Amino acid sequence: MTIQEKFDLKGKTAVITGGSGLLGAEFCRTMAEAGANVVVADIAEVAAKETAQALLDAGYAATGLALDVTKQNSVNALVDATLKEFGSLDILVNSAALDPKFDAAASSKGIAPGAFENYPLEDFKAAVDVNLTGMFLITQACVKQMVAQGKKGSIINICSTYGLNGPDQRLYLNDDGSRVAFKPVYYTTTKAGVVGFTKYLAAYYAGTEIRVNALTPGGVFNDHNDTFNRKYSEKTIMGRMAHKDEMNGALLFLASEASSYMTGNNVIVDGGWTAW
């Protein structure tokens with residue numbers, strides 16, 4: 001098999017949760033360009049269909065489907081629709097996750113948004129439901145099909161550098177020292193759980209051809225203000241935040257036969273953030 005053939009996903013079907021998000025849409029395009037049938041799965045159904053339509057317009061095979069990863073019936077419906085459309089399910093990219101949401105009422109109480117001492121229990125539970133329980137539900141449903149197919153399968157769980165290290169809360173200060181917010185407790189807690197979930201599944205499926213790995217992006221620029229961008233960039237060896245397309249190579253590597261001897265691993269793409 002040539003190196004080009006190892007990266008080829010023709011005949012494979014890939015489900016990408018959070019598929020219309022900043023990275024999710026990039027992941028969908030990458031899978032499509034590599035030849036896979038792409039299922040753009042997102043709680044925002046209109047956005048999922050728009051992302052899929054852009055791929056269809058470019059000549060790729062894709063469909064956009066609504067998915068609430070916290071609901072068993074939604075997860076099962078997604079798998080059924082995938083099989084009806086494409087006949088198999090070979091790759092799962094778990095990209096759906098809550099972005100940090102701060103307590104909107106905190107500032108009016110004189111509390112910095114995201115502060116641990118006052119972080120709302122309901123917000124913490126909601127994040128666990130999506131970032132961990134949701135990942136469990138969709139993976140469980142998809143891997144059943146992979147097992148039934150008796151063929152190779154690849155599951156890729158999207159983590160974060162904040163799942164490996166605690167957040168540097170100094171990044172969320174203005175230059176005058178006033179605090180904008182805190183990175184909330186749920187983010188590190190749930191993303192660390194993603195790494196554990198990945199290792200558990202990889203070990204569980206020992207002896208099969210189902211591989212499970214994590215992909216850990218560093219900070220991706222998304223119209224951040226100049227102060228945050230500068231502070232974050234100073235903490236990376238490469239001196240900048242990532243461009244949104246810079247995770248795509250690692251994703252394709254993990255999804256394809258190019259990584260056929262990898263499972264239970266975590267590929268970190270962070271510009272050197274965790275290296276010093």
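To be clear, the structure that these remarks concern was listed above.
**Some remarks on unusual backbone geometry**
For step 1, the next point in the chain: For D223, which is not a glycine, the phi torsion comes out positive at approximately 60 degrees.
For step 2, the next point in the chain: Its location among the elements puts D223 in the loop between β6 (210-217) and α7 (226-234).
For step 3, the next point in the chain: For D223, a relative accessible area of 69% puts it in the exposed group.

**What about the pairing of strand β1 (residues 13-17)?**
For step 1, the next point in the chain: Burial of β1 is extensive: five of the five residues sit out of reach of the surface.
For step 2, the next point in the chain: What you see with β1 is no split at all: T13, V15 and T17 on one side and A14 and I16 on the other are buried throughout.
For step 3, the next point in the chain: As defined by bridge partners, β1 adjoins strand β2 (residues 37-42) across five bridges and the pair is classed as parallel. Within β2, the residue paired with T17 across the bridge is A41.

**Some remarks on the environment of T63**
For step 1, the next point in the chain: You can see T63 is positioned in strand β3 (residues 62-66).
For step 2, the next point in the chain: Of the residues examined, T63 reaches a relative accessible area of 16% and is grouped as buried.
For step 3, the next point in the chain: Along the sequence, T63 and N165 sit 102 residues apart, while their C-alpha atoms lie 36 Å from each other.
For step 4, the next point in the chain: Once you skip the residues sitting within four places of it in the chain, T63 turns out to touch V38, V39, V40, A52, E85 and F86.

**Notes on the nonpolar core**
For step 1, the next point in the chain: One finds F27, M31, V38 and L215 to be the most contacted residues of the largest nonpolar core, which totals 31 residues.
For step 2, the next point in the chain: Secondary structure elements with two or more residues in this core: β1, α2 (22-33), β2, α3 (45-57), β4 (91-94), β5 (153-158) and α8 (248-255).
For step 3, the next point in the chain: With sequence-adjacent residues up to four places away left out, F27 is seen in contact with I16, V93, S95, I158, L215, M247, N248 and L251.
For step 4, the next point in the chain: By size, the runner-up hydrophobic cluster in this structure holds 30 residues, among which are A41, V130, A202 and V212.

**With respect to the packing of α2 against α8**
For step 1, the next point in the chain: The contact between α2 and α8 brings their axes to 10 Å, and the two run at 55 degrees. When the interaxial angle is binned, α2 and α8 end up oblique. α8 is crossed by α2, and the crossing has right-handed handedness. Of the residues in α8, those in contact with E26, F27, R29, T30 and M31 of α2 are N248, L251, L252 and A255.
For step 2, the next point in the chain: Partitioned by chemical class, the residues of the contact of α2 with α8 number five nonpolar, two polar and two charged.

**A word on α2**
For step 1, the next point in the chain: End to end, α2 covers 17 Å across twelve residues, agreeing with the expected 16 Å (1.5 Å per residue, within 8%).
For step 2, the next point in the chain: Residues of α2 that are buried include every one of L23, G24, E26, F27, C28, T30, M31 and A32, and no others.

Definitions and limits used
- Residues numbered from 1 in each chain as written.
- Predicted model: local features only at pLDDT ≥ 70, side-chain atom pairs only at ≥ 80, totals over all residues.
- Heavy atoms only, no water.
- Helix = DSSP H or I, 4+ residues; strand = E, 2+ residues; numbered from the N terminus.
- Buried < 20%, exposed > 50% of the residue type's maximum accessible area, 1.4 Å probe, protein only.
- Pairing = 2+ DSSP bridges.
- Contact = heavy atoms within 4.5 Å.
- Core = buried A, V, L, I, M, F, W, Y, C linked by side-chain atoms within 4.5 Å.
- Axes fitted to C-alpha atoms, helices over the stretch in contact; angles between N-to-C directions.
- Parallel < 35°, antiparallel > 145°, perpendicular 65-115°, else oblique.
- Left-handed = near helix turned anticlockwise from the far one by under 90°.
- Nonpolar A, V, L, I, M, F, W, Y, C, P; charged D, E, K, R; others polar.
- Expected span 1.5 Å × (residues − 1).

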